[in-house]
Amino acid sequence: MIIQTGQRTDIPAFYSRWFINRLKEGYVLVRNPYNPKQITKYLLNENVVDCFIFCTKNPRNMLPYLAYLKPYKQLWFVTITPYGKDIEPNIVDKRKVFQDFIYLSNTIGKSNVIWRYDPIFINDTYTVDKHIHYFETMVKILYAYTDVVVISFVDLYKKVKRNFPELKEVSAQDKLRLVKAFVCIGKQYNLTIKTCGEGHDFDAYGIDSSGCMSKDVILNVLGPHYKLEKKSSIRPGVCDCFMGNDIGAYDSCMHLCRYCYANTSKEKVMQNYLNHDENSPLLIGHIEDGDVIHQYKQISYEEITLF
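A few points on the structure. The model shown is predicted, which means the values in this text are computed figures rather than measured ones.

**What about the overall build of the protein?**
Inference 1: Helix and strand counts for the protein stand at nine helices and ten strands.
Inference 2: When the backbone C-alpha atoms are referred to their principal axes, the protein occupies close to 55 × 55 × 35 Å.
Inference 3: Here the protein, with 307 residues, has 51% of them falling under the buried criterion.
Inference 4: For the protein, long-range pairs separated by at least 24 residues make up 72% of all intrachain contacts whose partners lie at least 6 apart in sequence.
Inference 5: Carbon and sulfur atoms make up 50% of the accessible area of the protein, which totals about 14,900 Å².
Inference 6: Once the 38 positive and 34 negative side-chain charges of the protein are each reduced to a mean point, those two points are 1 Å apart.

**Brief notes about the packing of helix α5 (residues 128–142) against helix α7 (residues 172–188)**
Inference 1: In the contact formed by α5 and α7, the axes pass within 10 Å of each other and the chain directions differ by 20°. Judged by the inter-axis angle, α5 sits roughly parallel to α7. Where α5 crosses over α7, the two elements pack in a sense that is right-handed. Across from Val128, Asp129, His131, Ile132, Phe135, Glu136 and Val139 in α5, the residues of α7 making contact are Asp174, Arg177, Leu178, Ala181, Phe182, Ile185 and Gln188.
Inference 2: Taken together, the residues of the contact of α5 with α7 break down into eight nonpolar, two polar and four charged.

**Focus on the state of the cysteines**
Inference 1: Evaluation of the coordinates by the stated rule reveals zero disulfides.
Inference 2: Here Cys55 stays free of any disulfide, with the sulfur of Cys212 as its closest cysteine sulfur at 7.7 Å.
Inference 3: Of all cysteine sulfurs, the one in Cys260 lies closest to Cys253, which takes part in no disulfide; the gap is 5.9 Å.
Inference 4: Its relative accessible area of 10% is what places Cys253 among the buried residues.

**Let's talk about the sheet that holds strand β10 (residues 292–295)**
Two strands in a sheet stick together by hydrogen bonds in their backbones, pointing the same way (parallel) or opposite ways (antiparallel).
Inference 1: A sheet is described by the order of its strands in space; here three strands give the open sequence β2-β3-β10, paired in mixed fashion. Whereas interior strands pair on both sides, the edge strands pair on one side only; in this sheet they are β2 (27–31) and β10. Pairs of neighbouring strands in the sheet enclose a mean axial angle of 30°, with direction left out of account.

**Topic: unusual backbone geometry**
Inference 1: For the bond from Asp118 to Pro119, the omega torsion is 0°, close enough to zero to count as cis.
Inference 2: Tracing the sequence through the fold places Pro119 in strand β6 (residues 113–120).
Inference 3: Although it is not a glycine, Asp251 adopts a positive phi angle of roughly 55°.

Thresholds applied
- Residues numbered from 1 in each chain as written.
- Predicted model: local features only at pLDDT ≥ 70, side-chain atom pairs only at ≥ 80, totals over all residues.
- Heavy atoms only, no water.
- Helix = DSSP H or I, 4+ residues; strand = E, 2+ residues; numbered from the N terminus.
- Buried < 20%, exposed > 50% of the residue type's maximum accessible area, 1.4 Å probe, protein only.
- Contact = heavy atoms within 4.5 Å.
- Areas by Shrake-Rupley, 256 points an atom, 1.4 Å probe, with all protein chains shown as cover.
- Lys, Arg positive; Asp, Glu negative; His and termini not counted.
- Charge placed at Lys NZ, Arg CZ, Asp CG, Glu CD.
- Axes fitted to C-alpha atoms, helices over the stretch in contact; angles between N-to-C directions.
- Parallel < 35°, antiparallel > 145°, perpendicular 65-115°, else oblique.
- Left-handed = near helix turned anticlockwise from the far one by under 90°.
- Nonpolar A, V, L, I, M, F, W, Y, C, P; charged D, E, K, R; others polar.
- Disulfide = S-S within 2.5 Å.
- Pairing = 2+ DSSP bridges.

So, in structure tokens, the structure goes:
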């Protein structure tokens, strides 16, 4: 199976020691965000986990533990944007993230590390021209260490509107201008530009809209002896990704990016962060009275052949 770590929070940045403790103990517990008394147990071992997918804005805290991950396939999505502390208040110096991106690529392989430049929004500070400039500047640093760049435009979810009320949708005209410019830059540096959750509106302009975590992307990491089960898309016609089972928790990412869809408020995040115990099987808190734990049925996607 595929274990996803980044749809709800940034585990490498803030909870790497907890994650390694879970690997050592061989299991993790995940509270259902919509029915908190229901807890799912996932085994973490080489027999059932085919790949870990990490999504992070700061991989540094996980780098000392890469030896523990050697038995597993890995796919890393590292987000690096041009935004400053006004938008991403707790992101570390971007120069350090570039260094860590390069280290990851050299350590686990270029095809196992993907750069995300998203979400893209437009305002008086981060204009279309500025995005094109920043994007090309970053490409010149990273192109030798990845094959793929994922882009997407900001979605105005309820949590996003609450935490970033002045944010506006990116116009169709600005989206198209950015897509054309990014594709042109990508071709110069032999980079594939993928969209995330944008449907197929830009296919005619050279964008790869097949999904940032599509079966093909994951199989490129797993190898030819794996067969992924069929899964219906969570957003048909918009997202074609093959999502794994996420072991994170909402309202726990301390980056506190203003555009984040996973955090309700700074206060809620701080409360959960203080309730984190790196020795607990749960990311936030502990098992409580009335909790019901069920073992998830896990299988490997590897096809074993005898000859």
